[in-house]
Amino acid sequence: MKTISENRAFGGVQGVYSHASTATGGEMTFGLFLPAEAETGAVPVLWYLSGLTCTHENAMVKAGAQRWAAEAGIALVFPDTSPRGEGVANDAAYDLGQGAGFYVNATQKPWSPHFRMWDYVTEELPRVLFNAFPLAEEAQAITGHSMGGHGALTIAMSFPGRFRSVSAFAPICNPTGSDWGRKQFTAYLGADEATWAPHDATLLMKKRGFDGPMLIDQGTSDQFLDLLKPETLAAAMAERRQGGTFRMQKGYDHSYFFVSTFMEEHVAFHAGALHA
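Remember, it's a predicted structure, so these values are computed and weren't measured experimentally.

Regarding the side chain of H254
One can find H254 in the loop between β9 (245-249) and α9 (256-274). Overall, the relative accessible area of 9% leaves H254 in the buried class. With sequence-adjacent residues up to four places away left out, H254 is seen in contact with H145, S146, A170, W180, D222, Q223, F224 and L228.

This is how it looks when you write it as structure tokens:
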């Protein structure tokens, strides 16, 4: 593992690191914020999965999470959203290819050799982190924005007991019924829609739900509402009687201004579960 940068922040350290990835077959970069408490012992960890076009850097710089994480004594992990580099397949569209991994394991060419973000985020990166840094494996939570909200919700529901809490900012709620999903799942997973279902938060909610607290924020002025389909997940939560909070925030759009506005509340929400 290589250290790209380390900067003092809010009494802790915001680092950026890279490592050779077996899952993606190339070099992967991630951000990690460690609060001051990490100097004396293992700390709880909150995963943040970013959305379309993002790298590890977007949320790390724009979300304003470090201040609140430092006050709560929890670490933050900012993975990249896809493999990158020479020889990695790409597309001219912003919502396919590099920057748009959708947190799935691609089975179709030309994506399958490198686009294995499900394995990377759920298996390989956790091994790297827990082996190298003072993080408490038994105290994890997960959140994300847009495509990353989709990833956070599907991963949380697919690994019962791993995450104490899950939240999302404007998640893609029903990708099997949206152009933000059907396009990418066809490309990455093929035409058989049965292979898509494990990566749809609404379908997973109907099938199994989440064994912990949930918090979802969605802006009412989000320019991508028709693609995100928040009503499908809200209905599935109600139908299942899933414990959780789903908030429609009046006037907010899809930007990091929206994310940063409610980040303090999300970090506090997760801190409550992580320190319980």
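A closer look at the packing of aromatic side chains
Scanning all chains against the criterion turns up 15 aromatic pairs. Measuring from centroid to centroid gives 6.2 Å for F169 and F258, while their planes differ by 85°, and the two rings are edge-to-face. A residue pair is termed long-range when its members are at least 10 positions apart, and F169 in strand β7 (residues 163-169) and F258 in helix α9 qualify at 89 residues. Among the residues examined, F258 registers a relative accessible area of 0% and is labelled buried. Grouped by ring-pair contacts, the aromatic residues F169, Y252, F258 and F262 constitute a single cluster.

Details of the nonpolar core
Of all hydrophobic cores here, the largest spans 88 residues; its most connected members are L32, L135 and Y188. The contact partners of L135, leaving out residues within four places of it in the chain, are L32, L34, A42, V43, V45, A75, L129 and F130.

Digging into empty space enclosed by the protein
Under the definition given, this model contains one cavity of 30 Å³ or more. Taken as a whole, the largest cavity encloses approximately 30 Å³ of empty space. If you trace the largest cavity, you find it lined by W47, V121, T122, P126, Q140, I155, R162 and F163. For the lining of the largest cavity, the element with the most residues is helix α3 (residues 117-132), which contributes three residues. Of the residues assigned to the lining of the largest cavity, the class counts are five nonpolar, two polar and one charged.

Some points on the pattern of salt bridges
Summed over the entire model, instances satisfying the criterion amount to eight salt bridges. Linking R8 and E39 is a salt bridge whose minimum nitrogen-to-oxygen distance equals 3.4 Å. Of this pair, R8 sits in strand β1 (residues 2-9) while E39 is found in the loop between β3 (26-34) and β4 (43-49), placing the two residues 31 residues apart along the sequence. Each of the two residues, R8 as well as E39, counts as exposed. Among the ionic pairs, K183 bridges to D95, the shortest N-O distance being 2.6 Å. Taken together, the positions of K183 in helix α5 (residues 179-189) and D95 in the loop between β5 (75-79) and α3 put the pair 88 residues apart, joining distant regions of the chain.

Quick word on the sheet that holds β7
What the nine strands build is an open sheet, ordered β1-β2-β3-β5-β4-β6-β7-β8-β9; its pairing is mixed. On the outer flanks of this sheet lie β1 and β9, each paired with one strand and no other. Sheet twist, expressed as the mean angle between neighbouring strand axes with direction ignored, is 20°. For β4 and β5, the ladder comprises three bridges, and the chain directions are parallel.

Calculation notes
- Residues numbered from 1 in each chain as written.
- Predicted model: local features only at pLDDT ≥ 70, side-chain atom pairs only at ≥ 80, totals over all residues.
- Heavy atoms only, no water.
- Helix = DSSP H or I, 4+ residues; strand = E, 2+ residues; numbered from the N terminus.
- Buried < 20%, exposed > 50% of the residue type's maximum accessible area, 1.4 Å probe, protein only.
- Contact = heavy atoms within 4.5 Å.
- Phe/Tyr/Trp six-rings, centres within 6.5 Å; stacked < 30°, edge-to-face > 60°.
- Core = buried A, V, L, I, M, F, W, Y, C linked by side-chain atoms within 4.5 Å.
- 1 Å grid on protein atoms, 1.4 Å probe; cavity = no way out; pocket = protein on both sides within 12 Å on 5 of 7 lines; lining within 4 Å.
- Points joined across faces, edges and corners; volume = space filled by probe spheres on them.
- Nonpolar A, V, L, I, M, F, W, Y, C, P; charged D, E, K, R; others polar.
- Salt bridge = Lys/Arg side-chain N within 4 Å of Asp/Glu carboxyl O.
- Pairing = 2+ DSSP bridges.
- Axes fitted to C-alpha atoms, helices over the stretch in contact; angles between N-to-C directions.

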